[in-house]
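# Examination of the molecular architecture
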Number of protein chains: 2
Amino acid sequence: MIPPLSDLPREFAFIKRHFLALAGPAALELSDDAAVYTPPAGRDLVVAADAMVENVHFLPSDPPETVGRKLLRCNLSDLAAMGAKPEGWLLTLACPKTIADSWFTAFCNGLKQDQLLFNVHLMGGDTTSTRGPLVLSLTILGSVVPGQAVKRRGAREGDSLWVTGTIGDGALGLRVLQGKLTDSSDHLVNRYRLPQPRVGLPLHGLASAAMDISDGLLQDVGHLARENNVGAVIWGAQVPLSKAAQRCGPQWLETCLTGGDDYEILFSVPPQYDAKLSQNPVLPTVLGPVAVHKIGVLTAPEKGIQTLGANGEPLIFKQSGWSHF
Amino acid sequence: MIPPLSDLPREFAFIKRHFLALAGPAALELSDDAAVYTPPAGRDLVVAADAMVENVHFLPSDPPETVGRKLLRCNLSDLAAMGAKPEGWLLTLACPKTIADSWFTAFCNGLKQDQLLFNVHLMGGDTTSTRGPLVLSLTILGSVVPGQAVKRRGAREGDSLWVTGTIGDGALGLRVLQGKLTDSSDHLVNRYRLPQPRVGLPLHGLASAAMDISDGLLQDVGHLARENNVGAVIWGAQVPLSKAAQRCGPQWLETCLTGGDDYEILFSVPPQYDAKLSQNPVLPTVLGPVAVHKIGVLTAPEKGIQTLGANGEPLIFKQSGWSHF
């Protein structure tokens with residue numbers, strides 16, 4: 001007799017039980033070696049992969065509903081930075097045997113909500129075991145009109161620097177969870193657990209270069225400047241902070257500017273588009289309009305990266321951002 | 001001043017130092033948030049993702065040159081099973097800080113060889129840290145003429161079952177490395193460390209269904225049968241074993257049939273193609289011709305999965321294959 005579902009090898013039963021409800025048509029019901037996907041005609045693909053490790057990118061105490069969504073949203077943020085439309089995603093898990101089955105039920109329920117919000121489906125993946133912490137790796141496929149992907153390279157001296165949303169909330173939210181800071185609202189913790197990827201941001205025809213802010217604003221400005229062989233001035237007082245971040249006090253400014261986990265978009269705007277954006281500094285995204293703020297300007301390369309305070313004084317920080325090595 | 005390469009955040013310097021030499025044009029010199037890739041016109045994409053964990057899929061003592069190649073080849077095997085042509089790959093690493101930089105040099109040198117052999121390039125990825133074992137996750141993109149991807153579903157009762165190459169070498173190679181078995185040649189260990197993905201196998205127009213054998217032949221025949229609602233008879237004596245596997249003796253047959261790590265292709269052939277393939281049981285691949293062997297037949301579903309010995313007697317094994325759960 002063919003074994004019924006309960007006699008499936010446990011790994012396959014696990015995959016079907018949790019992930020089949022997320023699978024789109026390309027996934028072939030998650031029963032094949034690979035997904036088969038017809039790319040949208042006349043478009044380029046944009047492909048990104050990001051991994052998250054328990055205790056590095058998320059905490060064991062984080063609600064499982066948000067852990068998968070955070071990873072999906074980090075990848076969506078990579079697509080948003082290039083002006084690409086999400087098409088589908090793949091997931092690999094290296095799972096310690098100590099995680100309860102119900103954890104994965106909640107993990108997938110969270111992902112289901114985001115699939116609806118961002119109109120994407122699971123295409124495939126792999127599930128394996130580890131004696132170490134949970135490691136999740138997600139690959140996302142998006143698409144863009146050929147030639148319209150916005151890249152890190154393309155900015156010039158004199159272009160202004162802009163960011164979407166507010167900076168530092170995620171980094172402060174982590175400090176709240178670590179007990180180093182209190183926040184009477186849930187805003188900061190929510191922003192740490194659930195980044196707001198700016199999918200749909202109309203960067204083409206506006207931005208000369210763009211990237212998403214994941215390693216800390218100052219470090220990521222450094223990446224953008226280095227890729228374009230320019231310097232940058234960041235006006236610290238112009239960096240948009242949420243009300244919750246402002247309430248933490250000025251001693252947390254360094255954390256906001258260097259802490260990472262923002263998943264906002266940093267983009268440079270040439271002078272000919274800057275005035276118009278300054279008049280109406282709001283851009284649409286698939287989750288609704290987002291305010292954008294001018295935070296600095298690209299300078300000659302020999303100026304390096306400078307952060308200035310409200311009175312033009314240089315701000316010096318202990319570290320510029322997050323590195324895994 | 002713009003920091004020179006040595007002042008790059010260490011993570012970025014690591015990526016450029018090791019992985020830039022693997023990057024293809026889609027990778028944008030690994031400096032963007034995502035790859036931009038123009039899919040081949042008029043073809044479907046085939047996408048697979050597989051993860052490997054230290055001490056689960058490879059051993060810390062395995063040469064670093066083969067670890068990355070093994071993962072790439074497992075993914076290439078997934079493409080081969082569907083008759084797809086490799087296009088590019090992405091890699092995420094969760095690295096313990098204890099691994100020396102020279103390990104990654106050798107790891108990437110191995111991958112470089114396989115990129116030449118299989119004509120693929122790195123498109124992107126992510127590098128992060130972990131306190132646990134090394135976890136590698138690889139996503140591969142391939143392409144196929146629309147409608148020509150061979151799937152697990154499509155087989156019918158009466159179709160014959162075929163495999164490429166030889167079965168059990170990888171599982172025996174692992175036992176050699178574990179000191180449970182000796183092999184005077186390096187054949188078994190080499191097959192464990194470096195699977196031979198059957199990329200280019202002309203399955204379309206020949207096979208009614210196909211999959212790659214990774215969890216053990218018997219378990220994977222079970223998967224294929226279940227997906228097609230049929231049963232199967234496997235003729236144990238017809239399963240092709242290498243000379244090195246034969247030298248181990250008949251007491252290792254169970255390991256060969258259930259051990260996994262084969263990365264050969266299991267495919268079903270309808271009666272109208274079976275005679276011709278039987279006359280000349282050799283098929284081309286991009287690495288040269290490979291012998292194929294008929295090992296059984298698909299039966300009515302109520303027969304279940306049976307393995308028969310040389311005299312038609314049922315062979316009963318303790319386990320049918322590998323599961324991570």
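Residues numbered from 1 in each chain as written. Chains lettered and ligands numbered in written order. Predicted model: local features only at pLDDT ≥ 70, side-chain atom pairs only at ≥ 80, totals over all residues. Heavy atoms only, no water.

## Some words on the packing of aromatic side chains
In total, this model carries ten aromatic pairs over all chains according to the counting rule given. When the ring of Phe 14 of chain B is compared with that of Phe 104 of chain B, the centres are 4.9 Å apart and the planes differ by 85°; the resulting orientation is edge-to-face. With a gap of 90 residues between them, Phe 14 of chain B in helix α1 (residues 10-19) and Phe 104 of chain B in helix α3 (residues 101-118) connect regions that are remote in the sequence. With relative accessibility at 3%, the residue Phe 14 of chain B sits in the buried group. With a relative accessible area of 2%, Phe 104 of chain B lands in the buried category. Through a chain of ring-to-ring contacts, the aromatic side chains of Phe 14, Phe 19, Trp 103, Phe 104 and Phe 107 of chain A assemble into a single cluster. For Lys 70 of chain A, the ring lying beneath its charged end belongs to Tyr 192 of chain A, and the centroid distance is 3.7 Å. (Phe/Tyr/Trp six-rings, centres within 6.5 Å; stacked < 30°, edge-to-face > 60°. Helix = DSSP H or I, 4+ residues; strand = E, 2+ residues; numbered from the N terminus. Buried < 20%, exposed > 50% of the residue type's maximum accessible area, 1.4 Å probe, protein only. Lys NZ or Arg CZ within 6 Å of the ring centre and 35° of its normal.)

## Details of the pairing of strand β11 (residues 290-299) of chain B
Every other side chain in a regular strand lies on the same face of the sheet, so the side chains alternate between the two faces. Residue and element names in this part refer to chain B. As judged from the five bridges shared by strand β6 (residues 160-164) and β11, these two strands associate in the antiparallel manner. Bridge assignment links Val 163 to a residue of β11, and that residue is His 293. Examined bridge by bridge, strand β8 (residues 231-235) and β11 share four bridges and lie antiparallel to one another. Paired with Ile 234 across the bridge in β11 is Gly 296. (Pairing = 2+ DSSP bridges.)

## Observations concerning the relation of the copies chain B and chain A
It takes a turn of 180° to lay chain B on chain A, together with a shift of 0.0 Å along the axis; the resulting RMSD is 0.0 Å. Within this description, the copies of the chain are treated as partners about a two-fold rotation axis. Closest approach to the rotation axis among the C-alpha atoms of chain B is made by Gly 132 of chain B, whose C-alpha sits 2.1 Å away. (Least-squares fit on C-alpha atoms with pLDDT ≥ 70 in both.)

## Focus on the packing of helix α2 (residues 64-81) of chain B against α3 of chain B
Residue and element names in this part refer to chain B. Their axes nearest at 6 Å, the elements α2 and α3 cross at an angle of 40°. Between α2 and α3, the crossing angle belongs to the class labelled oblique. When the axes of α2 and α3 are compared, the crossing they make is right-handed. From α2, Pro 64, Glu 65, Val 67, Gly 68, Arg 69, Leu 72, Arg 73 and Leu 76 reach across to α3, where they touch Trp 103, Ala 106, Phe 107, Gly 110, Leu 111, Gln 113, Asp 114, Leu 117 and Phe 118. Looking at the contact of α2 with α3, its residues break down into ten nonpolar, three polar and four charged. (Axes fitted to C-alpha atoms, helices over the stretch in contact; angles between N-to-C directions. Parallel < 35°, antiparallel > 145°, perpendicular 65-115°, else oblique. Left-handed = near helix turned anticlockwise from the far one by under 90°. Contact = heavy atoms within 4.5 Å. Nonpolar A, V, L, I, M, F, W, Y, C, P; charged D, E, K, R; others polar.)

## Regarding α3 of chain B
Residue and element names in this part refer to chain B. For α3, spanning 18 residues, the distance from its first C-alpha to its last is 26 Å, which sits close to the expected 26 Å at 1.5 Å a residue. Buried within α3 we find Trp 103, Phe 104, Ala 106, Phe 107, Cys 108, Gly 110, Leu 111, Asp 114, Gln 115 and Phe 118. Contact partners of the buried residues in α3: α1, α2, β3 (85-95), β4 (122-129) and β5 (135-144). Just downstream of α3 lies Asn 119, where phi reads positive at about 55°. (Expected span 1.5 Å × (residues − 1).)

## Remarks on the state of the cysteines
Taken as a whole and assessed by the stated rule, the structure comprises zero disulfides over all chains. Between Cys 256 of chain A, a free cysteine, and Cys 248 of chain A, which holds the nearest cysteine sulfur, the sulfur-to-sulfur gap is 7.0 Å. (Disulfide = S-S within 2.5 Å.)

## Some remarks on the domain arrangement of chain A
Residues and elements named next belong to chain A. Domain annotation for chain A reports domain 1 (5-144) and domain 2 (160-308). Domain 1 and domain 2 are separated by 27 Å when their C-alpha centres are compared. The interface is formed by 20 residues belonging to domain 1 together with 20 residues belonging to domain 2. In terms of surface lost to domain 2, no three residues of domain 1 exceed Lys 70, Arg 73 and Ala 81, which account for 31% of the buried area on that side. Its salt-bridge partner being Arg 193, residue Asp 62 comes within 2.9 Å of it at the nearest N-O pair. At the boundary of domain 1 and domain 2, one finds six residue pairs in polar contact (both at pLDDT 80 or more). For the side of domain 1 that touches domain 2, the secondary structure elements donating two or more residues are α2 (64-81) and α3 (101-118). Sorting elements by how many residues they give to the side of domain 1 that touches domain 2 places α2 first, with ten residues. Here the residues of the side of domain 1 that touches domain 2 are counted per class, giving ten nonpolar, five polar and five charged. (Domains from an automatic or database assignment. Buried area = accessible area lost by both parts, 1.4 Å probe. Salt bridge = Lys/Arg side-chain N within 4 Å of Asp/Glu carboxyl O. Polar contact = N/O pair within 3.5 Å; in protein donor to acceptor, adjacent residues only side chain to side chain.)

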